[in-house]
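# Fold and geometry: a report
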Amino acid sequence: MKTIKVMFAVAIMALMFASCGKKEKILVLYYSQTGNTKAVAEEFANRLGADIEEITAIVPYDGDFQATIERCKEEMALDSLPDINCLKHNINEYDVIFIGYPVWFGTYAPPIASFLKDNNLSGKKIVPFCTFGSGGLESSKKDLVDAQPDAWILPAYGVRAARMDFMPQEVETFLIANGFIKGKYLYPVTFSYPHPVSDADIALYDAAVKGYPMLNARPVEVGFRSNNGDLEYVYTAVDEPRMPAPDDGDKKPDLPPAGKVKVYVKIIPGVDTSFTRVVR
Ligand SMILES: Cc1cc2nc3c(=O)[nH]c(=O)nc-3n(C[C@H](O)[C@H](O)[C@H](O)COP(=O)(O)O)c2cc1C
């Protein structure tokens, strides 16, 4: 009897060790209209040796920017989501799913909303990633948590469409920081306590947001930190009201100010000074 008990215990331990060493299966899923998110998805899949698949709408969003905006507005008014094609991969076979999307209207693009509605990701580890004009990482991640409350939503990666050159390096750093691949990573310190902006701070802000017309915010205070050798600034800025064109007569501004926004600026010495994201 004692021998049987010992053999049983040994078998259980062997099973435990076997499952501890089991490599997690990773799938990278993404939707992309103009190729930015596709490039990030491929970067993740290559570095992880993971399977990858594109989510596609049965009726593709193949119009230009304005046509896509119009179609989305119509769909939002009708509270409808696009039908998407069936996936070739069986998501049940995967432990970790990276989900990538462009930010549209502050959240994930509609084909991703369709995917999240059609699939139950309970218990799975989800790594959101996105590309955007100015921001939407935080808001879209929050929507993802709301859509799949029983999934384990891990830290997310996002990059501006204008900063795609920095994406491969950032993806590597992100994967190291989150334990997916091995490498050296210095965890960033917190930002300094914010101080009112000086003329030099304003000049840096202006240089960082130059060429991005959609951001119309005036910086009021700033904090900074050193992040893996780069300097990073977080500005608190106040959205300016957008006034109507002069010939609009007495009309009130058609877009209300969004209030305070956080604008993150990274300085990579000798290479780049641009904003990395806006958090509304
Ligand atoms: C319909 C539409 C809505 C968009 N909305 C936002 C937005 O709310 N915030 C933002 O920063 N960028 C927005 N963008 C810009 C896209 O997120 C950005 O260009 C993205 O990199 C496109 O990714 P893709 O090449 O994978 O399609 C929008 C683009 C489109 C077409």
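Before reading on, note that the structure itself is shown above.
First, a word on scope: everything that follows refers to the structure included in this document. (Residues numbered from 1 in each chain as written. Predicted model: local features only at pLDDT ≥ 70, side-chain atom pairs only at ≥ 80, totals over all residues. Heavy atoms only, no water.)

### Points about the overall build of the protein
Put simply, the test is: The secondary structure listing takes helices from DSSP runs of H or I that are at least 4 residues long and strands from runs of E that are at least 2 residues long, numbered from the N terminus. Each residue is assigned to one of three classes by its accessible area relative to the maximum for its type, calculated with a 1.4 Å probe on protein chains only: buried under 20%, partly exposed between the two thresholds, exposed over 50%. It only takes one pair of heavy atoms within 4.5 Å for two residues to be counted as in contact. All accessible areas in this document rest on Shrake-Rupley with a 1.4 Å probe, and a residue is counted as covered only by the protein chains that are shown.
For the protein, the helix and strand inventory stands at 7 helices and 12 strands. For the protein, the proportion of its 280 residues judged to be buried stands at 41%. In the protein, the share of contacts with a sequence separation of at least 24, taken over all contacts with a separation of at least 6, comes to 69%. Roughly 16,100 Å² of accessible area belongs to the protein as shown, and the carbon and sulfur atoms make up 58% of that amount.

### Points about the layout of surface pockets
Basically, it comes down to this: In this analysis a 1.4 Å probe is tested at points of a 1 Å grid over the protein atoms alone, and where it fits but cannot get out there is a cavity; an open set with protein on both sides within 12 Å along at least five of seven lines is a pocket; lining residues have an atom within 4 Å of a point. Grid points are joined across faces, edges and corners, and a volume is the space filled by probe spheres set on the points. Gly is placed with the polar residues, together with every amino acid not listed as nonpolar (Ala, Val, Leu, Ile, Met, Phe, Trp, Tyr, Cys and Pro) or charged (Asp, Glu, Lys and Arg). Here the bounds of each domain stem from an automatic or database domain assignment.
Considered as a void within the structure, the second largest pocket measures approximately 910 Å³ in volume. As for the second largest pocket, its lining consists of 29 residues, of which Tyr157, Thr173, Tyr185, Asn227 and Lys266 are closest to the centre. Listing elements by their share of the lining of the second largest pocket, those giving two or more residues are α5 (137-147), β7 (157-160), α6 (167-177), β9 (217-227), β10 (230-239), β11 (260-268) and β12 (272-279). Looking at which element gives the most residues to the lining of the second largest pocket, the answer is α6, with 5 residues. The class makeup of the residues in the lining of the second largest pocket is 13 nonpolar, 7 polar and 9 charged. When we break the lining of the second largest pocket down by domain, the ones giving at least three residues each are domain 1 (23-177) and domain 2 (195-279).

### As for the environment of Leu144
In this structure, Leu144 sits in helix α5. With 45 residues separating them in the primary sequence, Leu144 and Ile99 have C-alpha atoms 9.9 Å apart. Residues in contact with Leu144, not counting those within four places in the same chain, are Tyr101, Tyr108, Leu116, Ile126, Pro128 and Ile153.

### Notes on the side chain of Thr107
Tracing the backbone through its elements, the reader meets Thr107 in strand β4 (residues 107-108). In this structure, Thr107 is in contact with Pro102, Ser140 and Asp143, ignoring residues within four places of it in sequence.

### Section: helix α3 (residues 65-77)
As a reminder of what qualifies: Multiplying one less than the number of residues by 1.5 Å gives the expected span of a helix. When we speak of the arc, we mean the arc of directions from the helix axis to the C-beta atoms.
Helix length check: α3, at 13 residues, gives a terminal C-alpha distance of 18 Å against a target of 18 Å (1.5 Å per residue), a fit within 8%. Residues of α3 that are buried include every one of Thr68, Ile69, Cys72 and Glu75, and no others. The arc that holds every buried residue of α3, seen down its axis, measures 130 degrees, which confines them to one face. Among the exposed residues of α3, those oriented more than 90 degrees off its buried face are Glu74 and Ala77. Looking one or two residues past α3, Asp79 carries a phi angle of roughly 55 degrees, positive in sign.

### Some thoughts on unusual backbone geometry
The phi angle at Asp79 is positive, at roughly 55 degrees, despite the residue not being glycine. Within the secondary structure, Asp79 is located in the loop between α3 and β3 (96-104). Its identity is not glycine, yet Phe105 carries a phi of approximately 50 degrees, on the positive side. Following the sequence through the fold, Phe105 ends up in the loop between β3 and β4. Exposure remark for Phe105: the relative accessible area of 45% places this residue in the partly exposed category.

### Regarding the pattern of salt bridges
Here is the rule: Here a salt bridge means any side-chain nitrogen of Lys or Arg lying within 4 Å of a carboxyl oxygen belonging to Asp or Glu.
With the rule as written, the count across this model stands at 13 salt bridges. Between Lys25 and Glu93 there is a salt bridge; the shortest N-O distance is 3.9 Å. Of the two residues, Lys25 sits in the loop between α1 (2-20) and β1 (26-30) while Glu93 sits in the loop between α3 and β3, which places them 68 residues apart along the sequence. Taking the relative accessible area as the measure of exposure, Lys25 reaches 37% and is therefore partly exposed. A salt bridge links Asp118 to Lys117; the shortest N-O distance between them is 3.9 Å.

### Let's talk about the site of the ligand
The cut-off we apply is this: Proximity is defined per residue: if any heavy atom of the residue lies within 4 Å of a molecule or strand, that residue is considered near it. Polar contacts, as used here, are pairs of N or O atoms within 3.5 Å; protein pairs need one atom able to donate a hydrogen and one able to accept it. Residues neighboring in sequence count only if both atoms are side-chain atoms.
Close contacts around the ligand come from 20 residues, with Ser32, Thr34, Thr37, Val103 and Ser134 the closest. At 2.7 Å, a backbone N or O of Gln33 approaches an oxygen atom of the ligand. Between the ligand and Phe105, the relevant distance is 3.0 Å, taken from a nitrogen atom to a main-chain nitrogen or oxygen of the residue. Computed on the free molecule, the ligand has an accessible area of 650 Å², of which 86% lies beneath the protein chains in the complex.

### Some points on α6
The complete set of buried residues in α6 reads Met167, Glu170, Val171, Phe174, Leu175, Ile176 and Ala177. In this structure, the buried residues of α6 make contact with α2 (36-48), β3, β5 (125-132), β7 and β11.

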